[in-house]
Amino acid sequence: MALNAHQLAQKAYMTQTQSIRTPRGVEYEVFGRITRRIKTAAGLGRAEFPSLVGALHDNRRFWTMLALDVASPENELPDEIRSRILYLNEFVQTYTSSVLKGRAEPAALIDINTAIMRGLRGQEKTS
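Residues numbered from 1 in each chain as written. Predicted model: local features only at pLDDT ≥ 70, side-chain atom pairs only at ≥ 80, totals over all residues. Heavy atoms only, no water.

A few points about the overall build of the chain
Scanning the chain from terminus to terminus reveals five helices and zero strands. Listing every helix and strand of the chain by position from the N terminus yields α-α-α-α-α. Across the 127 residues that make up the chain, the buried fraction comes to 35%. Within the structure as shown, the chain displays about 8,100 Å² of accessible surface, and the carbon and sulfur contribution to it stands at 55%. (Helix = DSSP H or I, 4+ residues; strand = E, 2+ residues; numbered from the N terminus. Buried < 20%, exposed > 50% of the residue type's maximum accessible area, 1.4 Å probe, protein only. Areas by Shrake-Rupley, 256 points an atom, 1.4 Å probe, with all protein chains shown as cover.)

Some points on helix α5 (residues 107–120)
Helix length check: α5, at 14 residues, gives a terminal C-alpha distance of 20 Å against a target of 20 Å (1.5 Å per residue), a fit within 8%. Taken together, the buried positions of α5 are L109, I110, I112, N113, M117 and L120. When α5 is viewed along its axis, its buried side chains cluster within an angular range of 165° and face the same direction. Where α5 is buried, its residues touch α2 (23–43), α3 (49–71) and α4 (79–100). Two residues or fewer past α5, G122 is found with a positive phi of approximately 75°. (Expected span 1.5 Å × (residues − 1). Arc of directions from axis to C-beta. Contact = heavy atoms within 4.5 Å.)

Observations concerning the nonpolar core
Counting 24 residues, the largest nonpolar core has F31, I38, F62, W63 and V99 as its most contacted members. Put simply, the parts of the chain that give this core at least two residues each are α2, α3, α4 and α5. (Core = buried A, V, L, I, M, F, W, Y, C linked by side-chain atoms within 4.5 Å.)

Looking at the pattern of salt bridges
For the structure shown, the criterion picks out four salt bridges. Note that E80 is salt-bridged to R84, the shortest N-O span being 2.4 Å. You can see E80 and its partner R84 sitting in helix α4, four residues apart, about one turn around the helix. (Salt bridge = Lys/Arg side-chain N within 4 Å of Asp/Glu carboxyl O.)

Observations regarding the packing of aromatic side chains
Here the structure, examined in full by the defined rule, presents three aromatic pairs. Ring centres 5.0 Å apart and planes at 85° place the aromatic pair F31 and F62 in the edge-to-face group. With F31 in helix α2 and F62 in helix α3, the pair connects residues that are 31 residues apart, well separated along the chain. By relative accessible area, which is 1% here, F31 ends up buried. Cluster of aromatic residues (ring-pair linked, three or more members): F31, F62 and W63. (Phe/Tyr/Trp six-rings, centres within 6.5 Å; stacked < 30°, edge-to-face > 60°.)

Details of the packing of α3 against α4
At a minimum axis distance of 9 Å, the contact between α3 and α4 shows a crossing angle of 160°. Classified by the angle their axes make, α3 and α4 are roughly antiparallel. The hand of the α3/α4 crossing is left-handed. Residues F49, L52, V53, L56, N59, R60, W63, T64, L66, A67, V70 and A71 of α3 form the contact with α4, whose participating residues are R82, I85, L86, L88, N89, V92, Q93, T96, S97, V99 and L100. Class assignment of the residues belonging to the contact of α3 with α4 gives a composition of 15 nonpolar, six polar and two charged. (Axes fitted to C-alpha atoms, helices over the stretch in contact; angles between N-to-C directions. Parallel < 35°, antiparallel > 145°, perpendicular 65-115°, else oblique. Left-handed = near helix turned anticlockwise from the far one by under 90°. Nonpolar A, V, L, I, M, F, W, Y, C, P; charged D, E, K, R; others polar.)

None of this, on its own, says anything about what the molecule does.
Shown next as structure tokens:
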């Protein structure tokens, strides 16, 4: 049986001593960790570029797992949400390349992850 993104995230990012959480909670935690790493590395400037590269790699990898999960016929999310996640994955993959080439800043990736985290917590965006 193939592992879905939730199970992979849980296995990769949770220690044995942590309690089992809902898939939504696990996704929130993984997004939170990765987003904090991106913010921290970006704030440290060029000297910490390798840290930024590592955080961006993990972000890409997690988005890829999410895309594979929503593309699965067994995924029960509504088609509209599945399509949006697939679109966001494409954007994240392409935009990350621009950041790595020094053509863009990671702020958009941070914003996307933060918006997804709000959605996972059921919060509306506040202006």
